[in-house]
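Structural features, examined
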Amino acid sequence: MGTTYPNPLVGSVIVHDGKIIGEGWHRKAGEPHAEVNAVNSVKDKSLLSKATIYVSLEPCSHFGKTPPCCDLIIAHKIPNVVIGTIDPFAKVAGNGIKKLIEAGRNVTVGVLEDECNELNKRFFTFHQKKRPYIILKWAETADGFIAPITREEQKPVWITNPYSRQLVHKWRSEEQAILVGTQTVLDDNPKLDVRDWSGENPIRIVLDRTGKISEEYSVKDHKTKTIIVTAHQNFKNSDNLFYENCTFDASLPFNVAETLFKYEIQSVLIEGGRQTLQTFIDANLWDEALIFKGNVSFTNGISAPNLTGKLTEKQTVLDDELLIFRNV
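How each quantity is defined
- Residues numbered from 1 in each chain as written.
- Predicted model: local features only at pLDDT ≥ 70, side-chain atom pairs only at ≥ 80, totals over all residues.
- Heavy atoms only, no water.
- UniProt positions renumbered as here; feature names shortened; annotations may be inferred.
- Pairing = 2+ DSSP bridges.
- Helix = DSSP H or I, 4+ residues; strand = E, 2+ residues; numbered from the N terminus.
- Axes fitted to C-alpha atoms, helices over the stretch in contact; angles between N-to-C directions.
- Buried < 20%, exposed > 50% of the residue type's maximum accessible area, 1.4 Å probe, protein only.
- Contact = heavy atoms within 4.5 Å.
- Domains from an automatic or database assignment.
- 1 Å grid on protein atoms, 1.4 Å probe; cavity = no way out; pocket = protein on both sides within 12 Å on 5 of 7 lines; lining within 4 Å.

- Per an unreviewed UniProt entry, the protein chain goes by Riboflavin biosynthesis protein RibD and derives from Flavobacterium cauense R2A-7.
- The UniProt entry for the protein chain carries this comment under Function (unreviewed entry): "Converts 2,5-diamino-6-(ribosylamino)-4(3h)-pyrimidinone 5'-phosphate into 5-amino-6-(ribosylamino)-2,4(1h,3h)-pyrimidinedione 5'-phosphate."

In structure tokens form, the structure reads like this:
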């Protein structure tokens with residue numbers, strides 16, 4: 001997760017006479033695809049002409065940074081191809097299957113299709129809905145608050161334990177971007193990085209309608225690509241810092257999604273404050289919500305967002321509870 005953007009996550013297994021003889025997966029954009037790694041891992045290539053190759057996503061049929069995987073399968077005379085799901089990317093989108101069938105291969109499509117679609121929900125959402133996969137994330141107290149009224153004693157105020165916070169950093173390494181609102185930056189001065197995990201820092205997206213965030217804040221340190229969404233016209237782009245103008249009204253979430261699509265961002269983790277989160281919820285523009293419930297109480301404070309969705313999973317992280325919702 002997080003290493004293949006803008007490419008999808010793909011795995012492949014090659015079987016001969018009931019035994020796995022090769023397997024591979026796509027590690028990084030520009031490097032060999034899953035099918036190539038699987039074929040290269042087969043010690044006795046003569047077995048390929050009597051084998052079945054399984055691949056979680058339709059093999060590509062076009063020249064990108066690497067040659068078409070369909071051509072590789074055809075060249076090695078692999079007779080049977082089992083495909084989890086069709087690739088929605090316009091340059092593939094059934095063309096790989098067509099090419100294999102025309103070459104006389106036995107092609108089966110739709111095996112474990114739901115699981116394969118789930119694996120690439122970000123890639124599919126980006127190409128089918130022309131927007132990133134949107135994940136909401138917040139932590140709330142046992143009595144339903146996400147922040148105290150004032151933050152004079154501690155900045156930021158922690159509701160969850162260190163292991164939950166490390167898990168959030170792992171998530172950050174897996175998504176292409178992270179988004180917060182103005183108040184979160186002013187209150188917490190977050191770095192929005194993956195310092196408690198390993199991997200690439202996500203692109204930072206900051207909503208700053210009136211330009212309140214000064215150069216002293218960490219989000220403007222130029223260390224990570226950052227996009228400031230603002231209503232101001234007077235800002236100029238600089239190294240790793242980009243400004244995008246948007247109208248801050250009910251259309252804001254849709255304008256933000258359109259902007260992220262323009263930057264070819266396939267997924268975004270929204271960690272903003274209540275107003276930012278509720279804006280996307282009210283627009284019904286979200287796919288998944290990750291909600292931590294801590295065991296601390298504030299008695300009063302800023303209430304957690306109001307969310308209606310399908311609870312699909314519950315996990316525990318020591319004394320924290322993690323609830324996972326889907327927008328269905």
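On we go from here.
Let's talk about the sheet that holds strand E11 (residues 241-245)
- Spatially, E11-E10-E9-E8-E12-E6-E13-E16-E15 is the arrangement adopted by the 9 strands of the open sheet, whose pairing is mixed. A strand with exactly one partner marks an edge of an open sheet, and here the two such strands are E11 and strand E15 (310-317). Adjacent strand axes in the sheet meet at a mean angle of 20 degrees when their direction is disregarded.
- Direction of pairing for E15 relative to strand E16 (residues 320-326): antiparallel, over a ladder of 7 bridges. Looking at E16, one finds that Gln315 is bridged to Leu322.

A look at helix H8 (residues 252-262)
- All buried positions along H8 are accounted for by Leu252, Pro253, Asn255, Val256, Ala257, Thr259 and Leu260.
- Structurally, H8 contributes buried residues whose contacts are with strand E8 (177-180), strand E9 (203-207), strand E10 (226-230), E11, strand E12 (267-270) and helix H9 (274-282).
- A positive phi of about 60 degrees marks Glu264, the residue just after H8.

Focus: helix H5 (residues 121-129)
- When you tally the buried positions in H5, you get 7 out of 9 residues, the bulk of the element.
- Taken together, the buried positions of H5 are occupied by Lys121, Arg122, Phe123, Phe124, Thr125, Phe126 and His127.
- Lys130 lies just past H5 and shows a positive phi near 55 degrees.

Here we look at unusual backbone geometry
- Residue Pro6 is bonded to the preceding Tyr5 through a cis peptide linkage, with omega at 5 degrees.
- Within the chain, Lys130 stands out as a residue other than glycine whose phi angle is a positive 55 degrees.
- With respect to the helices and strands, Lys130 occurs in the loop between H5 and strand E6 (133-140).
- Judged by relative accessible area, which is 48%, Lys130 ranks as partly exposed.
- A positive phi angle, near 55 degrees, is found at Asn284, a position not held by glycine.

Regarding the domain arrangement of the protein chain
- As assigned here, the protein chain comprises domain 1 (11-122) and domain 2 (132-326).
- Relative to domain 2, the C-alpha centre of domain 1 lies at a distance of 37 Å.

A short note on the UniProt feature "binding site: substrate" (unreviewed entry) in the protein chain
- According to UniProt, the positions carrying the feature "binding site: substrate" (unreviewed entry) are Arg172, Leu192 and Glu271. Maximum C-alpha separation among the annotated residues is 10.1 Å over a sequence range of 100 residues, consistent with a single clustered spot. As for the annotated residues, the ones lining the largest pocket are Arg172, Leu192 and Glu271.
- Judged by relative accessible area, Arg172 falls into the buried class, the value being 9%.
- With sequence-adjacent residues up to four places away left out, Arg172 is seen in contact with Ile178, Leu192, Asp193, Val194, Arg195, Glu200, Pro202, Leu269 and Glu271.

Overview of the sheet that holds strand E3 (residues 52-57)
- Taken together, the 5 strands give an open sheet; going across it, the order is E2-E1-E3-E4-E5, and neighbouring strands pair in mixed fashion. Where the open sheet ends on each side, the last strands, each with one partner, are strand E2 (19-25) and strand E5 (106-109). Neighbour-to-neighbour, the strand axes of the sheet open up by a mean angle of 15 degrees, direction not taken into account.
- Relative to strand E4 (residues 80-85), E3 is paired through 5 bridges, and the arrangement is parallel.

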